[in-house]
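Spelled out, the chains give:
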Amino acid sequence: MSILSTTGFATADFNLWSPVAKAVLFILMFIGGCAGSTAGGLKISRVVTLFKSIKRELYRMIHPHSVGAVKLDGKTLDDGTIKGIGTYFSLYIFIMIAAFLAISFEPLSFEAKISSVVACFNNIGPGFAEVGPMGSYASYSAFSKIVLSITMLLGRLEIYPLLFILMPSLWKRKSNA
């Protein structure tokens, strides 16, 4: 529950758990909370919508003339919303890969590096291995801590607001001529 709600609490050293249990925890790190919550992660509604849209597209491949709708909470989602969720997911994966590559030179295990990016981006708290519930992020360099801090901001504040702040067109003054 603390992983889904992003509270960061750890009541046990899950580094000692079986690989299957750790894999389930790793997957849960991505899902996050409900839509509208301040929890990190993809949000459950986006994950459900992604799976439903994948199912619809697979069905359309088999039955090209079919008209299928993706519904969430009994409401039909328009294609623009589904496209927006797909774009968000693509940005999400791109940022994760970029952050992982940026910290990949660290002398920590692969498990620690990938789980630290996932844990920071989704605001989970502990990762696995050296950054697990009984460890810390202290062994990372200052550069990696900055990268992980940026991923935390992107995860907590959502991707789009921070990207909009960086857009030069938002900072240009409009002249009344």
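(A) Seen up close, the overall build of the protein. Helices and strands together make up the secondary structure of the protein, namely 8 helices and 2 strands. Counting helices and strands in the order they occur from the N terminus, the protein gives α-α-α-β-β-α-α-α-α-α. Considering only contacts within the protein whose residues lie at least 6 apart along the sequence, 57% involve residues at least 24 apart. Summing over all exposed atoms, the protein offers an accessible surface of approximately 10800 Å²; the carbon and sulfur share of this is 71%.

(B) Just a nonpolar patch on the surface, in detail. On the surface, Leu163, Phe164, Ile165, Leu166, Met167, Leu170 and Trp171 cluster together to form a nonpolar patch covering roughly 760 Å² of accessible area. Checked against the element boundaries, tryptophan 171 lands in helix α8 (residues 168-171).

(C) Inspection of the packing of aromatic side chains at higher detail. Under the definition given, this model contains 12 aromatic pairs. With 6.1 Å between their ring centres and 35° between their planes, phenylalanine 105 and phenylalanine 143 make a pair best called tilted. Placement of phenylalanine 105 in the loop between α4 (79-103) and α5 (110-121) and of phenylalanine 143 in helix α6 (residues 142-156) is noted, with a sequence separation of 38 residues between them. The partly exposed category is assigned to phenylalanine 143, whose relative accessible area is 46%. Look at tyrosine 160 and phenylalanine 164: their rings are 6.1 Å apart centre to centre, the planes differ by 20°, and that puts the pair in the stacked class. Of this pair, tyrosine 160 and phenylalanine 164 both sit in helix α7 (residues 159-165), 4 residues apart, which is roughly one turn of that helix. On the basis of relative accessibility, which here comes to 42%, the residue phenylalanine 164 falls in the partly exposed class. Each residue in the set Phe14, Trp17, Phe26, Phe30, Tyr88, Tyr92, Phe121, Phe128, Tyr160 and Phe164 is aromatic and connected to the rest through ring pairs, giving one cluster. Sitting over the face of the ring of tyrosine 88, arginine 46 holds its NZ or CZ atom 3.9 Å from the ring centroid.

(D) Examining the nonpolar core more closely. Within the largest apolar cluster, 28 residues are counted, with the highest numbers of intra-cluster contacts made by Tyr92, Val117 and Phe121. If you list the elements that add at least two residues to this core, you get α2 (19-31), α4, α5, α6 and α7. Ranked by the residues each element gives to this core, the list is headed by α4, at 7 residues. With sequence-adjacent residues up to four places away left out, phenylalanine 121 is seen in contact with Tyr92, Ile95, Met96, Thr151, Leu154, Gly155 and Ile159.

Reading the values: rules and limits
Residues numbered from 1 in each chain as written. Predicted model: local features only at pLDDT ≥ 70, side-chain atom pairs only at ≥ 80, totals over all residues. Heavy atoms only, no water. Helix = DSSP H or I, 4+ residues; strand = E, 2+ residues; numbered from the N terminus. Contact = heavy atoms within 4.5 Å. Areas by Shrake-Rupley, 256 points an atom, 1.4 Å probe, with all protein chains shown as cover. Patch = residues over 30% accessible without salt bridge, like charges linked within 9 Å, V, L, I, M, F, W, Y side chains within 5 Å. Salt bridge = Lys/Arg side-chain N within 4 Å of Asp/Glu carboxyl O. Phe/Tyr/Trp six-rings, centres within 6.5 Å; stacked < 30°, edge-to-face > 60°. Buried < 20%, exposed > 50% of the residue type's maximum accessible area, 1.4 Å probe, protein only. Lys NZ or Arg CZ within 6 Å of the ring centre and 35° of its normal. Core = buried A, V, L, I, M, F, W, Y, C linked by side-chain atoms within 4.5 Å.

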